Every structure is written in C-alpha cells, then in structure tokens.
Amino acid sequence: MEEYLEETERSGRHARPGAPEMARLNACARELVTRRFLQMGYPFDQDVCLKGFYEWLLETGLQDVTLINVGDPYKTEWDMLNTDEFERKAIDFLADGFGFRGGHWGVVTNGGTDGNMHGVYFGRKALAARSPLPPILYVSEEAHYSVRKLGDIQNLETRVIRAHADGTMDTEDLRRRLDPSRPALVAIAIGGTFKGAIDDQKAIDAVLREVRPVAVYRHLDVALFGGYLPYLDDPEAREVVDAAAMHFDSLAVSGHKFLALNEPAGVFICRKEILDDLQSIPVPYLNGVIPTISCSRSGFDPLKLYWRIAATGREGFRKQAEHVLAMTALLRRELDARGVHPLVNRWSNTVIFPRPREEVVHRYCMACSEDAYYGKLAHVVVMQYFQPDLIRQLAADIAEG
Ligand SMILES: Cc1ncc(COP(=O)(O)O)c(C=O)c1O
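Residues numbered from 1 in each chain as written. Predicted model: local features only at pLDDT ≥ 70, side-chain atom pairs only at ≥ 80, totals over all residues.

Q: Describe the pairing of strand 2 (residues 104–109), naming the residues involved and giving the relevant values.
A: For strand 2, a buried count of six out of six residues is recorded, marking the element as mostly surrounded by other parts of the structure. Both faces of strand 2 are covered, namely the face carrying H104, G106 and V108 and the face carrying W105, V107 and T109. (Buried ≥ 20, exposed ≤ 12 C-beta atoms within 10 Å, placed from the backbone. Helix = DSSP H or I, 4+ residues; strand = E, 2+ residues; numbered from the N terminus.)

Shown next, in the form of structure tokens:
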C-alpha cells in the first residue's frame, strides 16, 4: 500500500480546487469566522475549541479514513472499522450524569430530531409490548416542533397540550386530554425551544397517577439543557434530569448545543430494559439486530464527543454551566436597568424580550416569535462565548428599541 499512497499523493487526488474556487471558499470562510459571535438566537457555542482535535486527525491520518459506526455501539463482534469504543465511553459518561442507575443503552445520533425520533420510536415499541391498543403521543405546544412532526411520520395520534405563558406544559389541560384507555407516550420538554421552559415532571406524574393510562412511556427532550443541568451545583436542577428521581424512560441531548460540537450530533439514551422491547428487523449480513433507525452513522462524531468530554471533564462542564447562567443573569440585569424586562425561566440561558427593531434582530441573528400572551418576541441564547462587554453592547442595542 506504500506505493499506492505515494502514487495518490503524486496523482493529484489530494489537490485543492482551482484558484477561483479557492478564492470563493476563502471569502466564505472569512465571513463565517468574522460573523460567528453574532448568531445569538441559536444555542450554539461559537468558540468550539476543536483545533486540537483537527490537528490530531491530521497527525494520525484519520482525516483520510471513512469511519462509519453501524447500529448498536455496544455490539462486540464486528470487523468493520469503527469507533464504537469511544461512542460507548461518551454515552456512558452522559448516562451517569443523567442518573441511569439501573443500566442504560444509547447511541450517538445525527442531532436533536434524530434523538427524539428514537424516543418516539422506542416509546411506541415499548408501549406496544404492554398493550395492543395504539398509543397517543402527548406533547406541549411549546415543545420543539420535531416531536409533532415525528408523531406524524410515525403515524401516531398526537394531542398537543396547551402551555402556560411561561412556556411550561399546562398539566390541567393534560388531565383533560389524557385518555386512560390508551397507552400514553409523553414527550416532556426540558427547555422548550423558544421560552426555555422546563415542564414540571412531578405535576405530569401526578396527573398520570390519577388518570392511570394503561401504559406510560416518558421521553425527555433535553436538547440544550441536558448539556449543563447535570453539572450545576444546585441539586434541584440536577434532579430534573435524573432518571432515578424522575422515572423517565429515555432522553435526547444535542451534541452541537451546550456540548459544543461544531456540526449536528446528539445522544439518545434509554433505560436498558427498553431495548428488549425493540423487536427490530434481524439483518444476517450485519451480524444481528439493529435497534437504531439509521444504519450508518458518523464514526467521527463519537470521537469528537469523546474528545470534548475527556478534555473538559465534569468540573469543566460545571464551570461552563455556571458561567453561562452568570452571563444570563448579567444580561437580565443589564436589560432591567434599561427598562426592558425580559422573561428568563429557572435554570434557563434563553432570554426573551419584546422584539426590537429589524436591524437589531438581523445584526444579532435573533430568533423571533409571535406569542398569544406577549405578542411579538425575540430571544437570544447565552452560551459559553458570552462575556460582559458583549452583553452590555447587546443590552444597549436591544433597549434602543
Ligand atoms: C428543544 C429542542 N429539541 C429538538 C431540537 C431539534 O434539534 P436538531 O436541530 O438538532 O434536529 C431543537 C432545535 O433547536 C430544540 O431546541
């Protein structure tokens, strides 16, 4: 193979595009790097610090290897190149923070929607193992729209539950809409996308205990908040995402939000027993049963996620989480001082305020919404890169109207 590799080097297969194409690519790269700290409406860390990872890829030659992880990362008999070991290590680290003490299973997904897709699919399968009746999916109107779309894709009757003004699920509405005769697949928002509200799992549980549907599966969408709640000092915050305390069956956390990967990725984790309900289609040439929805998944994402976890550690995530919430509190104070009184939910890094003028909305790439309670709103999501100077400038610009 030595000769072959030298020949590919000589043959120009490693060549860059021509000068005009490179000029355009470079212009695009310059613009993206210059504007990266002005993407405030979306929960992405724009200082992902992955230089070391990319240098390591070049040092090892992995940049020229195709890496695909197939199906279950916990499989043992597998010849194809893979990074299953690091996928398992990353999942196990996160599962520990989420209190899956009775055993867990998981997979690195293509993002938040893919994680929710597994939640809805695994939920449907787990409920089917307990009742022949078709389940109903319950989700609040403030939860990410992917859950409703996935209900549609998986052909599930879906009941959209009203939300309070702060964005939490209205559990009185859940009580009215919950059908005791059918299995319930409850999708719980731990950080609704626009208002960053955390659904009250204890109140949801009280309703479920009272109405007693024939079977229940709880899936948590912790896309952004799942990256930092497990590391906060406040035990009440950690309890929200603790499977042992809250009895949820599965969750989906995003890799490209608080965990700061630079492209879509995520992790789906469920209680280990749930896997037994997955009567998946056996595929002989793939050496067994594939519980995942996609067959091929990135082998690089698990490496990147493991790199992030190993380089940051629990203490590093704790510091980042405390910084994010401190900067959120600062933005709130700076806005209050200027007469703009934002909505910020408990433990949330999403700051919501009346929609400022278009120029400001576009300059900071804010996310906007029209709300039944508050009218025209915009929000910014405070991430690791937020610093006091940036916040003061932002508050001044928002307050200008
Ligand atoms: C709460 C929540 N869940 C799910 C998603 C969907 O994630 P993705 O865009 O990675 O598919 C988002 C996206 O912003 C989200 O905020």
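Q: Any chance you could break down the sheet that holds strand 6 (residues 216–221) for me, citing the residues and the numbers?
A: The sheet built from seven strands is open, its strands ordered 2-8-7-6-5-3-4 with mixed pairing. Edge strands, defined here as strands with exactly one partner in the open sheet, are strand 2 and strand 4 (157–161). Taken pair by pair, the neighbouring strands of this sheet meet at an average axis angle of 20°, ignoring direction. Taken together, the six bridges between strand 2 and strand 8 (residues 266–271) define a ladder with antiparallel strand orientation. Note that in strand 8 the partner of W105 across the bridge is C270. (Pairing = 2+ DSSP bridges. Axes fitted to C-alpha atoms, helices over the stretch in contact; angles between N-to-C directions.)

Q: If you had to explain the site of the ligand to someone new, which residues and values would you point to?
A: Neighbouring residues of the ligand: 13 residues in total, closest G111, G112, T113, H144 and A223. Take the shell around the ligand: its biggest share by element is three residues, from helix 5 (residues 112–128). In terms of residue class, the shell around the ligand is made up of three nonpolar, nine polar and one charged. (Near = placed C-beta within 6 Å. Nonpolar A, V, L, I, M, F, W, Y, C, P; charged D, E, K, R; others polar.)

Q: Before we move on, can you summarise the packing of helix 4 (residues 84–97) against helix 11 (residues 300–337) with the specific residues and values?
A: Axis separation between helix 4 and helix 11 bottoms out at 8 Å; the angle between their running directions is 45°. In terms of orientation, helix 4 lies oblique with respect to helix 11. The two elements helix 4 and helix 11 cross, and the hand of that crossing is left-handed. In this structure, helix 4 uses F86, E87, K89, A90 and F93 to contact helix 11, whose residues at the interface are P302, L303, L305, Y306 and I309. Split into classes, the residues belonging to the contact of helix 4 with helix 11 amount to eight nonpolar, no polar and two charged. (Parallel < 35°, antiparallel > 145°, perpendicular 65-115°, else oblique. Left-handed = near helix turned anticlockwise from the far one by under 90°. Contact = placed C-beta atoms within 7 Å.)

Q: How would you sum up the sheet that holds strand 12 (residues 350–354)? Please name residues and give values.
A: The three strands are arranged 12-14-13 in an open sheet whose pairing can be described as antiparallel. Two strands close off the open sheet at either side, each with one partner strand: strand 12 and strand 13 (367–371). Across the sheet, the mean angle from the axis of one strand to that of its neighbour is 30°, orientation sign disregarded. Alignment of strand 13 against strand 14 (residues 375–381), held across five bridges, turns out to be antiparallel. The residue bridging C368 from the neighbouring strand is A378, located in strand 14.

Q: Describe the domain arrangement of the protein chain, with residues and values.
A: Taken domain by domain, the protein chain holds domain 1 (68–309) and domain 2 (314–399). Placing the centre of domain 1 and that of domain 2 at their C-alpha centroids yields a distance of 27 Å. Contacts between domain 1 and domain 2 engage 15 residues on the former and 17 residues on the latter. Here the side of domain 1 that touches domain 2 is built from residues that sort into ten nonpolar, three polar and two charged. (Domains from an automatic or database assignment.)

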